[in-house]
Structure formats: C-alpha cells, structure tokens
Amino acid sequence: MVLMLLAGILVVMAISFQWKISSDAAYASELEAQYQQAMDDYNENNIYYSPQATTQWIVQRQNPAGYFVTNPDMLFEPSQLNNSTLRGTRYAISTLGDLNGLHTINRHAVIDFILGLYETEIKQTRVETYTRYQRGTRYDGFKTLPGQDVGVRPTMDALMILNRLDLLDDPRLNLDGIWNFIVAHQNEDGGFWDEHYPKLLKDSSMKCTSFAARALAILSQHTGRPIPEKLSKGVIRFVQNNHDIVTGGYSSQPGENSDDSYNAFRAFKSIWDTTNGSDEIKRQAVSDSIDMNALIDYFNYNHYLVELGGYSRHSNLENKKASIKATHLTVWLLHNMQLLDYVDKQSISKYVMSMKTPDGQYGGDIYTTYSAIGLLQKMGIPSAPKPEPEKPEKPAIIPSIVPTTFFITALITLHLGYQTKKFEFKTINKALIIQASTDALTGIYNRQCFEQKLKHEIEKSLRYKRPLTTIMFDIDNFKRINDKHGHIAGDTVLKEISVLIKDALRDSDIFARWGGEEFIILSTETDIDGGRQLAKKMLDLINEKEFTVVQKISASFGVTEFCAEDSMESLVKRVDNAMLEAKRQGKNRIISVDAKLNCQPACLTSGL
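Residues numbered from 1 in each chain as written. Predicted model: local features only at pLDDT ≥ 70, side-chain atom pairs only at ≥ 80, totals over all residues. Heavy atoms only, no water.

Q: Just checking my understanding: could you explain unusual backbone geometry for this structure?
A: Glycine aside, the phi torsion of most residues is negative, and most peptide linkages are trans. One non-glycine residue with positive phi stands out, namely N477, at about 55 degrees. With respect to the element layout, N477 can be found in the loop between β6 (468-475) and α17 (478-485). Non-glycine residue N588 carries a positive phi angle of around 55 degrees. Tracing the sequence through the fold places N588 in the loop between α20 (568-584) and β10 (590-593). (Helix = DSSP H or I, 4+ residues; strand = E, 2+ residues; numbered from the N terminus.)

Q: Help me understand the packing of helix α18 (residues 487-504) against helix α19 (residues 528-544) in this model?
A: The axes of two packed helices give the description: the angle between them and the distance between them. Axis separation between α18 and α19 bottoms out at 10 Å; the angle between their running directions is 140 degrees. As the angle between them shows, α18 and α19 are arranged oblique. The two elements α18 and α19 cross, and the hand of that crossing is right-handed. For the pair α18 and α19, contact is made by I497, L500, I501 and A504 and by K537, M538, L541 and I542, respectively. Of the residues in the contact of α18 with α19, the class split is seven nonpolar, no polar and one charged. (Axes fitted to C-alpha atoms, helices over the stretch in contact; angles between N-to-C directions. Parallel < 35°, antiparallel > 145°, perpendicular 65-115°, else oblique. Left-handed = near helix turned anticlockwise from the far one by under 90°. Contact = heavy atoms within 4.5 Å. Nonpolar A, V, L, I, M, F, W, Y, C, P; charged D, E, K, R; others polar.)

Q: How should I be thinking about helix α14 (residues 366-378) in this particular structure?
A: Side chains that are three or four residues apart share a direction in an α-helix, a result of its 3.6 residues per turn. Helix length check: α14 (13 residues) gives 18 Å between terminal C-alpha atoms against 18 Å at 1.5 Å per residue, within 8%. Among the 13 residues of α14, 10 are classified as buried, and the element is accordingly described as predominantly covered. Within α14 the residues assigned to the buried category are I366, T368, T369, Y370, S371, A372, I373, G374, L375 and L376. In this fold, the buried residues of α14 make contact with α2 (51-59), α3 (85-98), α7 (206-223), α12 (324-336) and α13 (345-354). Taking the backbone nitrogen of Y367 as reference, a side-chain oxygen 3.0 Å away marks D365 as the first, capping residue of α14. (Expected span 1.5 Å × (residues − 1). Buried < 20%, exposed > 50% of the residue type's maximum accessible area, 1.4 Å probe, protein only. Polar contact = N/O pair within 3.5 Å; in protein donor to acceptor, adjacent residues only side chain to side chain.)

In structure tokens, the structure reads:
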C-alpha cells in the first residue's frame, strides 16, 4: 500500500510539473504577445508635441526690431519687413503664448514695433472714397507698415499681440478710439469692410467681418464694454445672407460660391465674438443662427480627405488638398461648439504630426506652425511622450526532464508494488431505491426519477442524433467521515456537496443522488469533451470548497457519452466502471470512456 501511495504521489508530481511547464510556457507566450500588442499600440498612439523645440524655432526668427520673419537666414533682409510681417508676428506671439514661451523673446522690441504702427486721431484714409468718419469722434487704428493706411485686419493683429503681452492698458493707447474705428466699418447689411483689402472697396465680406468681430471681442473682454445689440444682429443677418443652403457652407459675399471652408469658420467666429456673455451663451447664439449638423456635413463631405486625415480649404478638385490651416479652423470651430466627437481626432493628429520636423516646426512657416499647435492643444494632445511599455520578465521554466523522471520512477514503484501486494478492490453498495422523485436528504432527484429521465433523454438522443453525456462521481473516503464525525456530519457533507454541484450545473442538466455518496449527472447536448470539462469544473469546486465539518473532501469522477448501440443499462455501467477506475487510480480524479472508440483501455484518460 505504501508503494502504491508513493507511486500515486510520484504520478501526481509528474503531472503537476508537466502542467507547470506547459502553463509557464503558455504564460510566457501570452506575456510576449501582450507586450508586442502594447508596443504596437504605443507606436500607433504615442502622439505628442514638443513645446521647447517649437518655442526655440520661433524665437530664432525674431528681428531685433521686434517683429518675426519666416526665414532666420534672412533676419536682417529689408524685404522681410512687408505687409505680412505684422500678421506673422501675431502668429508667433500667439503660439508662444500657447506654449508659455513669451518670456523667451524681446518683449520691449515687440511693443516698440507694434506702437510704431499705431495711428491716432484718424481723419480719413489716403483713398478719399473710403472716408467714413464723423466729426467730434476719435478714431485710432493700426497699419501693416509705416506710411500705409490703417485697417481693420492690422488693427486686429495688433490688438491680439498686445492682449497676449498684457499691454492693452498702455497709456499710449486709446481703446475707445480703436473701438470707434472698428465700429465705423460696419455697413448697412451688417457686415464689415476694410481698407486693408482695397479690391473689395467698401463692400462687406466675411473675412473683414470676422476680423472686426475678433478685434471688438478683445476690446469688449478687456474693458467690459458690451457689444451693441444692433451690431450683433447686423452681423448675424450678414452671416445668414451668405449661407449656401445647398452645400451648407458660407460664401465671402452674397451670391458667391461656398467653396472656401475659411468662410464657414469666419461665419462662426463673427457670431461667437459679437455675442456678449459666457461661452455657453455664445454657443447657443451660434446654434440659433447656424445649422451645425449641416455645417458638419459640409466640412466632412466637401473638405475632409480621409486618406490623409486632414481638411482642405477648397472643395473643388483642382484646389482640394489637405491643409493644417484649414484643419485647425475646422477643429477650432468644433472645439468651441463641443462637437469634436464628429471628427476623427486620431487621423487628424497623425496628419499634423506627419508635417512635424525635428526642430519643432510644422509645414515650414509660422502660420502653419501656429495652426498645428493650436489644433493639437484643442484636441488635448499631450506635450510629452507616453511611458514606453515595460518588457515582461520571462518566468523560470522547469526543465522538461523533471516530469519524465517522476513518471519513470512512478512506473518502477508501481511494478514493485504489484509484485509485493495485489491491488485490492472495494465495491460500493447501492442505496435503497426511493419511490419519490426527490431525494429526501439532499433535495435533488432520486435514482428512480433519474432513470425515467434518462430513458426519455436516450429516446430524444436517438431521434434527433444529439450528443448525451453521463457523469458519475463518488465522494472519496466517505466512510471515514461517518466513522470519525458521525452520520449527521456525513449527511451534512452530502447536502453541502449537492448544493455546490447543483448551483454549478445548467438548468437543462439532470442531477440525482444515485445512492449513498454517489451522484449522477445527465448532461444533454454535450459530447465527451464537454463532459470532461464539466467534470473537471466540479472536481475543482469540490477541492476548493471548505466544508462545514470536515473542511476538505475529494471525489472520483467517471465520464462517458451515449452511443447508438447503448442501452440505459450499458451506459450507466460504463460510466460507473469509469468512476471505479478513478478510484483505483488514486481517487480525486476523472476517468472518461469514449464509447465511439470501442471502449478500449487506451480510451481511458485521467487528470486532476
């Protein structure tokens, strides 16, 4: 008996080591697959921008006179001071403000440059036809270069720079005069004109209106002076008159085409900036005047380039190409309106980052870089990389020779045990047949009821050719429990194990007390493999269960599948023999007999 027990222990240890080797190898493979997936996700989604690099790239473009140029190699070229210099300086200052980099520039030089473009007490512009100033009212504004006319666009650029630098309270500025200058450019149709765009004369346009609105918004926010209601309503009227109901977009002037997506942004910005109150109030004002669903469709159907992940400025095929500037304006609009879920943020981010160079700029100029930084920030893209996934450590693998050694040793021990003592068989007495359908002690089906249901299920299996599997198990060493703790304790174990198994079964499974400590299960629509899995599940439940009196018990399982040649008696006998074989092989295990393989000994499998 001692040799047999030792052989059983050696087999269990061999199986345990083999299972551990397989489990560790599978776990290591799973960890590696998870790591590779994590790295793929990291490389795919690790999108971030570099504030320091972009800040340095912009700072290198500041002329000692305060303004910014596109090419630092031409920093001192006179040609760099032109009609676009003020605008470029505004983009540079705005970007540095977004990146918290204004402390890195020569602020005093910027101030001197801007105030050098400031003109006070304007009487009229050089072009006589533009005169529209009232006597007794002061008008102040800014121009792009000394000696040129003041204009709404340069005044807006200058105000945005001064606002970023917290210099709107400079005593040299007359904010009322600047306010009057902007307001004087509103036409009867509600839109605005601008001397800066002489080709348009005094006709209203969407871009001039949006520039005026942004300038007034800065002054209103700084001084607390509200935008006049009449002015706001005029702007809304002008915007609505430029709406293209066919495309959902907006034109620059009434009657023109809506090919340019900039005008859609300008329409939104004109209403947003001339509406007094919180962002929520502004958002409502825009929604009341602009059909946002139609506008989103306009952007996504007419201007979005799916293959690139960016938006184009123009919708006609000849000029349709992805643009960071156009993409920024679209994202800006949807960000303010809390509608960013309607764009593919991942694809847009990748498109913008594809334009980034190691020195921190995007697209080669300040305006595009300004647009890229603004876009990334509005979409919540981080300014630092994500931490790289950690490579998992490989678990220690037990040498494959270890379980083989234990198996060989177990075989030798079994041979010695067989030569010294014959294996003793022990039969299990069947319990008395109870007439009622329910077992009085456990509350589950009794044997008589089970046999009736088994007969019925066999008929169904034969008729419909559906699989049917029987599982029988017996509580190991149950007599010891009764001898040691008494029959009441044994009854308690039977009740507890019945509840445990019943709760783990499907409603369609038939569970009965076969007799004594033996239980039988009929699992419909289940083949032999499914039966083994179910038996394994129940064996694990029993091993893990803390029972009330004896704490730990085990059970031996037999599993077999019904075949067409079976009778009810042959099926039960085969599953019973399988369970007995489990007892003989050391208990606390599962033996399955596959009748389809003619029930040869090679069909027997076991596992804990």
